[in-house]
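# Reading the structure
Each chain is listed here by its residues.
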Amino acid sequence: MASAQSLGADRLHRQLRRDGIRAGRKRVEQLMADQGWQGAFLRRGWRGGSKKEDPRHTPAPDLVNRQFTAAGPNGGSG
């Protein structure tokens, strides 16, 4: 399993079960520890992508020619 070093014990245990290999979750944890494997984990405070927009970014072209206009607030006329 090529990605085994990035899987945690729970995910690896589920994958082994799907593959027809029976082993307890704690046994998987023990074997991972013996091999020096540690599942990938998120650092505390990590939030994914940045919310700041890159000013050099050019927006994608509008391929379906959408028209975003509203007659008033909440789609009403006034």
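Here goes a summary of the coordinates provided. (Residues numbered from 1 in each chain as written. Predicted model: local features only at pLDDT ≥ 70, side-chain atom pairs only at ≥ 80, totals over all residues. Heavy atoms only, no water.)

Moving on to the side chain of His 13. Looking at where His 13 falls in the secondary structure, it is placed in helix α1 (residues 9-18). For His 13, a relative accessible area of 12% corresponds to the buried category. The contacts of His 13, once residues within four sequence positions are left out, are Ala 23, Gly 24, Arg 25 and Val 28. (Helix = DSSP H or I, 4+ residues; strand = E, 2+ residues; numbered from the N terminus. Buried < 20%, exposed > 50% of the residue type's maximum accessible area, 1.4 Å probe, protein only. Contact = heavy atoms within 4.5 Å.)

Within the secondary structure, Leu 7 sits in the segment before α1. A relative accessible area of 11% places Leu 7 in the buried class. C-alpha separation for the pair Leu 7 and Gly 39, spaced 32 residues apart in sequence, amounts to 4.8 Å.

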